[in-house]
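Chain by chain, the residues:
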Amino acid sequence: MSTYKGNVGHLLQHWVLCELLVIAHQQDTPGLSFIDAHAMGPLARKNQNPDNPDQFLRVLGRLSNCRESAYERAWHHLAPNGGYPNSAAFVKQIWEREFSMLLCEINPSTAAELRPWCEHVGKLQMCKNARLFEDDWRKRFEEGLPNPSEMGLADGSLTLVSFDPYMYNKRREVRRPNSGILYPEDIERVMSAMGSLEGGILIQLSTYSTNDGNSQGSVISSVNSILAAHGYKLLAVVQVDGRMMSLVYTRKVSWSPELATLANRFTKWLSAV
């Protein structure tokens, strides 16, 4: 059975994701190609921290009565009887036009849960393609990533790539790298894989720890130094508790200035919980 951490990190990652989807939808974007490096299970049933008295449980407790955000409305629809959805489930719920998915999941038991879900989603009228890669995302990215047109989507469709590692480590040439951690070499690998992608691109990179000297400022500086060289702009830095943050980068997205308010809006939403 899939588990979820039940902490403010979920609120951070998926509130931002859902707002990205809403904003993109408002721009009449014809289609969405969603690529997730850390897919997780479609619906985790067990909370690892059921007694954790943080904002997560307060949001969970108010879903049936107070659903002020797209995130809360989607969460309640996807898990009315409890549990927590993954990013792909939020995309499926919120995006109302044609879409495709490429999901990477390294854990065999989690991939086994995702497999029938992907098969079901792939049969939906609005889904043009749903693929599951059952291994480390790095291996799939080394093959290159598909353009929206290759996934059956119309010209002008948006590519949204999501990274949800444990943390980002700015150190290079780590002797024993952890597959759940993102390193500078990984960001360079991502840029190589995305080099041939056409059209607008959004990248959401969420991190949850500043261990080993990886302060949020140093992480931003390290990632920026790589992405900026490839034409990506950092449009939003959404932070919580000094350890967790979600970075949003764009390339060839004309409406990207609308993303600049995400940090303030998230802080306001969370403070009201």
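Along each chain, residue indices are assigned from 1 in the same order as the chain's sequence is written. The predicted origin of the model limits local features to residues at a pLDDT of at least 70 and limits the giving and counting of side-chain atom pairs to 80 or more, whereas totals for whole chains, interfaces and linings rest on all residues. Side-chain measures were taken over the full set of non-hydrogen atoms in the model, leaving aside hydrogen atoms and water.

### With respect to the overall build of the protein
Move 1: Helix and strand assignments follow DSSP, with helices taken as H or I runs no shorter than four residues and strands as E runs no shorter than two, numbered in order from the N terminus. Helix and strand counts for the protein stand at 9 helices and 13 strands.
Move 2: Radius of gyration here is computed from C-alpha atoms only, and the compact-globule reference equals 2.2 Å multiplied by the residue count raised to the power 0.38. Relative to the globule expectation of 19 Å for 273 residues, the C-alpha radius of gyration of the protein, 17 Å, shows essentially globular dimensions.
Move 3: Here the protein holds 273 residues, and the buried ones make up 55% of them.
Move 4: We call two residues in contact when some of their heavy atoms are within 4.5 Å. Taking all contacts inside the protein whose residues are at least 6 apart in sequence as the whole, residues at least 24 apart take part in 75%. Here's how the labels work: a residue is buried when its accessible area is under 20% of the maximum for its type, exposed when over 50%, partly exposed in between, all with a 1.4 Å probe on protein chains only.

### Some details on the side chain of arginine 140
Move 1: The residue arginine 140 is located in helix 6 (residues 137-141) in this model.
Move 2: Of the polar contacts made by the side chain of arginine 140, one reaches the backbone oxygen of glycine 144; its length is 2.7 Å.
Move 3: In this view, arginine 140 contacts Leu102, Cys104, Arg131, Phe133, Leu145 and Pro146; residues no more than four positions away in its chain are not counted. Pairs of N or O atoms within 3.5 Å make up the polar contacts considered here, provided that, within protein, one atom can donate a hydrogen while the other can accept it, and that residues adjacent in sequence are counted only when both atoms are side-chain atoms.

### Structural notes on the nonpolar core
Move 1: Only buried residues count toward a nonpolar core. Its members are Ala, Val, Leu, Ile, Met, Phe, Trp, Tyr and Cys residues joined through side-chain atoms within 4.5 Å. Formed by 58 residues in total, the largest nonpolar core has its most connected members in Trp75 and Leu262.
Move 2: For this core, the element with the highest residue contribution is helix 1 (residues 8-26), accounting for 11 residues.
Move 3: Judged by nonpolar contacts, the second largest core, of 30 residues, contains Leu102, Met191, Ile203 and Val219.

### Considerations on the pairing of strand 2 (residues 31-36)
Move 1: Counting buried positions along strand 2 yields 6 of 6 residues, so the element is predominantly enclosed.
Move 2: Pairing between strands requires that DSSP locate at least two bridges from one strand to the other. Here 6 bridges tie strand 2 to strand 6 (residues 98-104), and the two strands are oriented parallel to one another. In the strand pairing of strand 6, aspartate 36 is matched with leucine 103.
Move 3: Two strands pair when backbone bridges link them, and strand 2 and strand 8 (residues 158-163) are joined in this way by 5 bridges, in the parallel orientation. Opposite isoleucine 35, over in strand 8, you have valine 161 as the bridge partner.

### Topic: the pairing of strand 6
Move 1: The buried fraction of strand 6 is high, at 6 of 7 residues.
Move 2: Examined bridge by bridge, strand 6 and strand 7 (residues 127-133) share 6 bridges and lie parallel to one another. Looking across to strand 7, one finds that cysteine 104 is bridged to phenylalanine 133.
Move 3: By definition, the crossover connecting two strands over a helix is right-handed if that path, from the first strand to the second, turns clockwise as seen with the strands pointing away from the viewer. The parallel pair strand 6 and strand 7, bridged by helix 5 (residues 108-122), forms a crossover whose chirality is right-handed.

### Considerations on the pattern of salt bridges
Move 1: What counts as a salt bridge is simple: a side-chain nitrogen of Lys or Arg found within 4 Å of a carboxyl oxygen of Asp or Glu. Per the counting criterion, the structure on display carries 14 salt bridges.
Move 2: The salt bridge involving lysine 139 is made with aspartate 135; its shortest N-O contact spans 3.2 Å.
Move 3: The partly exposed category is assigned to lysine 139, whose relative accessible area is 45%.
Move 4: Between aspartate 186 and arginine 138 there is a salt bridge, and its shortest N-O distance comes to 2.9 Å. Of this pair, aspartate 186 sits in helix 7 (residues 184-193) while arginine 138 sits in helix 6, placing them 48 residues apart in sequence. The burial state of aspartate 186 is the same as that of arginine 138; both residues are buried.

### A look at the sheet that holds strand 12 (residues 233-240)
Move 1: If you walk across this open sheet you meet the 7 strands as 7-6-2-8-11-13-12, and the pairing is mixed. Both outer strands of the open sheet, strand 7 and strand 12, are each paired with one neighbouring strand and no more. Each adjacent strand pair in this sheet contributes to an overall mean axis angle of 10°, direction not counted.
Move 2: Sheet strands touched by helix 4 (residues 87-94): strand 2 and strand 6. Its angle to strand 2, the strand with the most contacts, is close to 170°. Axis geometry follows a simple rule: fit a line to the C-alpha atoms, using only the stretch in contact for helices, then measure angles between N-to-C directions, giving values from 0 to 180 degrees.

### Comments concerning the environment of threonine 159
Move 1: Tracing the backbone through its elements, the reader meets threonine 159 in strand 8.
Move 2: When its relative accessible area of 0% is taken as the criterion, threonine 159 is described as buried.
Move 3: The spatial distance from the C-alpha of threonine 159 to the C-alpha of alanine 39 is 16 Å, given a sequence separation of 120 residues.
Move 4: Beyond its immediate chain neighbours, meaning those up to four positions away, threonine 159 contacts Ser33, Ile35, Pro148, Leu197, Gly200, Ile201 and Leu202.

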